[in-house]
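Fold and contact review
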Amino acid sequence: MMNPFDDNYFMKRALQEAELAFEKGEVPVGAVIVVDNKIIAKTHNLTETLTDVTAHAEMQAITAAANYLGGKYLHGCTLYVTLEPCQMCAGALYWSQISKVVYGAKDEKRGCAAMGAGLHPKTRLVGGVMEDEASGLLKRFFIEKRNLN
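Residues numbered from 1 in each chain as written. Predicted model: local features only at pLDDT ≥ 70, side-chain atom pairs only at ≥ 80, totals over all residues. Heavy atoms only, no water.

Check the secondary structure of the protein and you find 5 helices and 5 strands. Of the regular secondary structure in the protein, the N- to C-terminal order runs α-β-β-α-β-α-β-α-β-α. Taking the principal axes of the C-alpha coordinates as reference, the protein spans close to 45 × 35 × 25 Å. Sorting the 149 residues of the protein into buried and exposed places 45% on the buried side. (Helix = DSSP H or I, 4+ residues; strand = E, 2+ residues; numbered from the N terminus. Buried < 20%, exposed > 50% of the residue type's maximum accessible area, 1.4 Å probe, protein only.)

The next thing to look at is the UniProt feature "binding site: Zn(2+)" (unreviewed entry) in the protein. UniProt's entry tags His56, Cys86 and Cys89 with the feature "binding site: Zn(2+)" (unreviewed entry), counted in the numbering of this structure. Look at the named residues: they lie 34 residues apart in sequence, but the longest C-alpha span between them is just 9.3 Å, so in the fold they bunch up. If you trace the backbone, histidine 56 turns up in the loop between strand 2 (38-44) and helix 2 (57-69). By relative accessible area, histidine 56 is classed as partly exposed at 21%. In this structure histidine 56 touches Asn45, Thr47, Cys86, Met88 and Cys89, once residues within four positions along its chain are discounted. If we skip the residues at most four places from it in the chain, cysteine 86 touches His56, Glu58, Arg110, Gly111 and Cys112. (UniProt positions renumbered as here; feature names shortened; annotations may be inferred. Contact = heavy atoms within 4.5 Å.)

Per the UniProt record, "active site" (unreviewed entry) is annotated on Glu58. By the secondary structure assignment, glutamate 58 is in helix 2. The class for glutamate 58 is buried, based on a relative accessible area of 3%. Glutamate 58 has contacts with Ala31, Leu79, Val81, Leu83, Glu84, Pro85, Cys86 and Cys89, leaving out every residue within four places of it along the chain.

The next subject is a negative patch on the surface. Taken together, Glu108, Glu131, Asp132 and Glu133 make up a surface patch of like negative charges. Its place among the elements puts glutamate 108 in the loop between strand 4 (100-105) and helix 4 (112-115). Exposure remark for glutamate 108: the relative accessible area of 61% places this residue in the exposed category. (Patch = residues over 30% accessible without salt bridge, like charges linked within 9 Å, V, L, I, M, F, W, Y side chains within 5 Å. Areas by Shrake-Rupley, 256 points an atom, 1.4 Å probe, with all protein chains shown as cover. Salt bridge = Lys/Arg side-chain N within 4 Å of Asp/Glu carboxyl O. Lys, Arg positive; Asp, Glu negative; His and termini not counted. Charge placed at Lys NZ, Arg CZ, Asp CG, Glu CD.)

Relative to each other, helix 1 (residues 7-23) and helix 5 (residues 131-148) sit at 5 degrees, their axes nearing to 11 Å. In terms of axis orientation, helix 1 runs roughly parallel to helix 5. Of helix 5, the residues touching helix 1 (which contributes Leu15, Ala18, Glu19 and Phe22) are Glu133, Ala134, Leu137, Arg140, Phe141 and Glu144. (Axes fitted to C-alpha atoms, helices over the stretch in contact; angles between N-to-C directions. Parallel < 35°, antiparallel > 145°, perpendicular 65-115°, else oblique.)

Here it is in structure tokens:
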């Protein structure tokens, strides 16, 4: 029997979070953290809402998942995020020792790969899951933002 919970299923949930960010005028990045096919954190960018440059979706998700688990390490967890993590988020993910990071759209300028920011050696990185949907949402956001200014 096929497992209904795959990378696309959880990335769709992260995209729903990104849509919520879009509606709030936030850069539309969403994230979910999963353990044993259960979502334990679902978040989106809140940098404008909280006037906090560190309030990226990944940072919010790490905090929520650690609180849920009652510990700082995210062993056995997978982060699904609609945009490749930046250097700051990669550092936090490194320290959390998360097992896997799956992202949608690549960030050529500020992504962890472009910035040379590494994840924990035991963390698996998978990119390009539902990339068209994730990058399309970001493009639409910035086109609308430019047209308003």
